Amino acid sequence: MKWNKGLMTGAAAVAAACMALSGCGGASSSGGASGGSSSGGKVEITYIHRLPDKSGMTSVEQIVSRWNKEHPDIHVKAIHFNGNASDLIKKLETDVKAGNAPDLAQAGYSEIPELFTKGILEDVTSEAEQYKGDFAEGPFDNMSIGGKTFGLPQDTGPLVYYYNKTEFDKLGIAVPKTQGELIASAKKAAAQGKYIMSFQADEAGNMLTGLAGASRPWYTVEGDAWKVDTQTAGSKAVAKVYQQLLDDKSATTNPRWDPSFDASLQKGELIGTIGAAWEAPLLMDSMADKGKGDWRVAQIGDWFDNGEKTGPDGGSGVVALKGIKHKAEAMQFLDWFNTQIDDLTSQGLVVAATTGTAKTPASWSEFYGGQDVMAEFAAANANLAGFSYIPGFSAVGTAMKEKAADVAEGKAKTGSIFDAAQTASVDTLKDYGLSVAQ
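Rules used in this analysis
- Residues numbered from 1 in each chain as written.
- Predicted model: local features only at pLDDT ≥ 70, side-chain atom pairs only at ≥ 80, totals over all residues.
- Heavy atoms only, no water.
- Phe/Tyr/Trp six-rings, centres within 6.5 Å; stacked < 30°, edge-to-face > 60°.
- Buried < 20%, exposed > 50% of the residue type's maximum accessible area, 1.4 Å probe, protein only.
- Helix = DSSP H or I, 4+ residues; strand = E, 2+ residues; numbered from the N terminus.
- Lys NZ or Arg CZ within 6 Å of the ring centre and 35° of its normal.
- Expected span 1.5 Å × (residues − 1).
- Core = buried A, V, L, I, M, F, W, Y, C linked by side-chain atoms within 4.5 Å.
- Pairing = 2+ DSSP bridges.
- Axes fitted to C-alpha atoms, helices over the stretch in contact; angles between N-to-C directions.
- Parallel < 35°, antiparallel > 145°, perpendicular 65-115°, else oblique.
- Contact = heavy atoms within 4.5 Å.
- Nonpolar A, V, L, I, M, F, W, Y, C, P; charged D, E, K, R; others polar.

Draft legend 1. Representation of the packing of aromatic side chains within the structure. Applying the stated criterion across every chain yields a total of 20 aromatic pairs. Ring geometry for Tyr-163 against Phe-168: centres 5.1 Å apart, planes inclined by 55°, an arrangement best described as tilted. With a relative accessible area of 1%, Phe-168 lands in the buried category. Between Phe-333 and Phe-337 the ring centres are 5.6 Å apart and the planes differ by 40°, which places this aromatic pair in the tilted class. With a gap of 4 residues between them, Phe-333 and Phe-337 both fall in helix α13 (residues 327-338), about one helical turn apart. The two residues Phe-333 and Phe-337 agree in class, both being buried. Chaining the aromatic ring pairs together yields one cluster made of Tyr-161, Tyr-163, Phe-168, Phe-199, Tyr-242, Trp-303 and Phe-304. The aromatic ring of Trp-257 is capped on one face by Arg-256, whose charged end is 4.1 Å from the ring centroid.

Below you can see the structure in the form of structure tokens.
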């Protein structure tokens, strides 16, 4: 799928900062011989991931089993991690220090700078280089910092709009194109007990950042220091729109990963919501057969003064961890795994691989009214704006979620979420020993 090169700015900014500033832990290059099977023995590789593995998907275990049958000398063990992404980062750091870390681990693009600064990534530049042509340029570069590559990309996560077309038609509204249309349509729907937007406090660190960052990134490097500005025009527009929706009581406030969110979908109350592309099968799972054939996917309109640009929510690669003994074999497996397009699409991923065209699964097409959903996601990728991340961004996301919870309860205004992001960003960079421009 087409990839917006603006996403390269994140890795580039981190590379520039880490080359100029003290405090970046870097990565070990002492991972043993790259040709691990040259000794003649069977190579064992462990891969920890947090892919959904839901019913109806081709499971990671099934994909890996196929690899193991086809490659008897390179055996891969897949481990499914059930916790949050932040918990996995803590686990990986602990395991690397203890000397018992897995070889490969799934990591979001926003998490890679943090893993890098903690010094727990392994340099696999020479081993990964031969597979560069199998992936879109942007995500491949997001796996690199300071000219060194630490793994291979897996998927992207553009934000899109999911909506119940049948309910929209009943209300006499269409997918809004402008900010004014969004607010007016939301009020019209709310008057009938329907909601075309949701404010998801537990997704604030990802969704609101992606929406706000579609106009201009928050983080840049000036000389030898990071410059932080989370109160951009995009941030102010996002805060303004959501505050209006909340004041009008025309958006739901159920947390995304709470059963109440699923209930609002099943009851037919929530009929429109912004979400990442990878949420397509998860929303299907949330609604079961309710709404089948009624829902569609669309691009986000010019709701946040973003010129119809969208931003990233998620997207990840697989990194090599410090201490890996068989780097060449690990990258060989990883290239194979991350180019199993149909299998990964079944997991809800918008793949980074360019070795084929992703097809919309039949079950998706049935649920989304015959729409070619993957083509819509490809269009979203083409509209994807760049966003740079700082080391330790997870702490920023946590601060935003905490403040967003107050907003959902009416204890704070939406603008305070971006104020919290500013404070947390500066404090996090300083905690890492990095300079911050005043």
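Draft legend 2. Highlighting α13. Compared with an ideal rise of 1.5 Å per residue, which puts 12 residues at 16 Å, α13 spans 16 Å between its outermost C-alpha atoms and is within 8% of the ideal. For α13, the complete set of buried residues consists of Lys-327, Glu-329, Ala-330, Met-331, Phe-333, Leu-334, Asp-335, Trp-336, Phe-337 and Asn-338.

Draft legend 3. Quick peek at the nonpolar core. By size, the foremost hydrophobic cluster in this structure holds 73 residues, and its most contacted members are Leu-104, Met-331, Tyr-368 and Phe-377. When residues of this core are assigned to their parent elements, the largest contribution, 6 residues, is made by α13.

Draft legend 4. View of the sheet that holds strand β13 (residues 272-276). The strand order across the open sheet built from 3 strands is β13-β10-β14, with neighbouring strands paired in antiparallel fashion. Lying at the two open borders of the sheet, with one neighbouring strand each, are β13 and β14 (295-298). Going from strand to strand, the sheet's axes swing by 30° on average, the running direction of each strand aside. Bridge count for strand β10 (residues 159-164) against β14 is 4 bridges, and the pairing is antiparallel. Residue Tyr-162 lies in a different strand from β14, and its bridge partner there is Val-297.

Draft legend 5. Region of interest: the packing of helix α9 (residues 204-212) against helix α17 (residues 393-408). Viewed as axis vectors pointing N to C, α9 and α17 meet at an angle of 95°, and their least axial separation amounts to 8 Å. In terms of their interaxial angle, α9 and α17 are classed as roughly perpendicular. Taken together, the residues of α17 that come into contact with α9 (itself represented by Ala-204, Gly-205, Leu-208 and Thr-209) are Phe-393, Gly-397, Met-400, Lys-401 and Ala-404. When grouped by side-chain class, the residues that make up the contact of α9 with α17 number 5 nonpolar, 3 polar and 1 charged.

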